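Summary of structural features
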Amino acid sequence: MAYLRIHCAACGGVWEVYHRDNWNNDKARQCPHCFAEIDRQTWEKDVLSAFGAVHDANAELYKDHTGYDKPLFSVDVMANPIYPNGKSNDRS
């Protein structure tokens, strides 16, 4: 089961939104620690579509495994955050 782990730069808090949760509820996009919110349009257009795409990709990989006797793979998408000093966490 997929889930989102969301990091809040306003307070440093972290929370999860699981696949089974109600993604359209405003509380899903709101930090439970400081109540800062992700913009609704960004949440709906970008965050949820990316989350759904990863879930769909894993479902297709599983289907390839069970239907076509291929090796089982799964993918995770990890963020490369931009920090307040303008530098990313890229170490390449």
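Fair warning: this is a prediction, and the values are worked out from it, not measured in the lab.

Our focus in this paragraph is the overall build of the protein. What the protein contains, in helices and strands, is 1 helix and 2 strands. Listing the helices and strands of the protein from first to last along the sequence gives β-β-α. Per-residue burial over the protein gives 16% buried out of 92 residues. In the protein, once contacts between residues fewer than 6 apart in sequence are set aside, the share between residues at least 24 apart is 23%. Accessible area for the protein stands at about 7,300 Å²; split by element, carbon and sulfur atoms hold 52% of it.

A word on the environment of glycine 12. Tracing the chain through its elements places glycine 12 in the loop between strand E1 (3-7) and strand E2 (14-18). It is 9.2 Å that separates the C-alpha atoms of glycine 12 and cysteine 34, two residues lying 22 residues apart in sequence.

With that out of the way, let us pick up empty space enclosed by the protein. Throughout the structure, instances matching the rule amount to 1 cavity of 30 Å³ or more. For the largest cavity, the calculated volume is near 40 Å³. Along the walls of the largest cavity sit Trp23, Asn24, Asn25, Asp26, Arg29, Arg40, Trp43, Glu44 and Leu48, which together make up its complete lining.

The final tally for this structure, using the stated rule, is 5 salt bridges. Note that glutamate 37 and arginine 29 form a salt bridge whose closest N and O atoms lie 3.5 Å from each other. With relative accessibility at 6%, the residue arginine 29 sits in the buried group. Ionic pairing is found between lysine 63 and glutamate 60, a salt bridge with its closest N-O pair at 3.2 Å. Here the residue lysine 63 and the residue glutamate 60 both occupy positions in helix H1 (residues 40-68), the gap between them amounting to 3 residues, near one helical turn.

Let us look at the nonpolar core. If you look at the biggest cluster of nonpolar residues, it comprises 11 residues: Ala2, Leu4, Ile6, Cys8, Trp15, Val17, Ala28, Cys31, Trp43, Leu48 and Phe51. Counting residues per element, the ones that place at least two in this core are E1, E2 and H1. The biggest single contributor to this core is H1, with 3 residues. Not counting residues up to four positions away in its chain, the partners in contact with leucine 4 are Trp15, Glu16, Val17, Trp43, Val47 and Phe51.

Moving on, we come to the confidence of the model for the protein. Considering every residue of the protein, the mean pLDDT works out to 88; 86% of them sit at 70 or more. Looking across the protein, the model is least confident in E1, with a mean pLDDT of 92, and most confident in H1, with 95.

About the thresholds
- Residues numbered from 1 in each chain as written.
- Predicted model: local features only at pLDDT ≥ 70, side-chain atom pairs only at ≥ 80, totals over all residues.
- Heavy atoms only, no water.
- Helix = DSSP H or I, 4+ residues; strand = E, 2+ residues; numbered from the N terminus.
- Buried < 20%, exposed > 50% of the residue type's maximum accessible area, 1.4 Å probe, protein only.
- Contact = heavy atoms within 4.5 Å.
- Areas by Shrake-Rupley, 256 points an atom, 1.4 Å probe, with all protein chains shown as cover.
- 1 Å grid on protein atoms, 1.4 Å probe; cavity = no way out; pocket = protein on both sides within 12 Å on 5 of 7 lines; lining within 4 Å.
- Points joined across faces, edges and corners; volume = space filled by probe spheres on them.
- Salt bridge = Lys/Arg side-chain N within 4 Å of Asp/Glu carboxyl O.
- Core = buried A, V, L, I, M, F, W, Y, C linked by side-chain atoms within 4.5 Å.
- pLDDT = per-residue confidence, 0-100.

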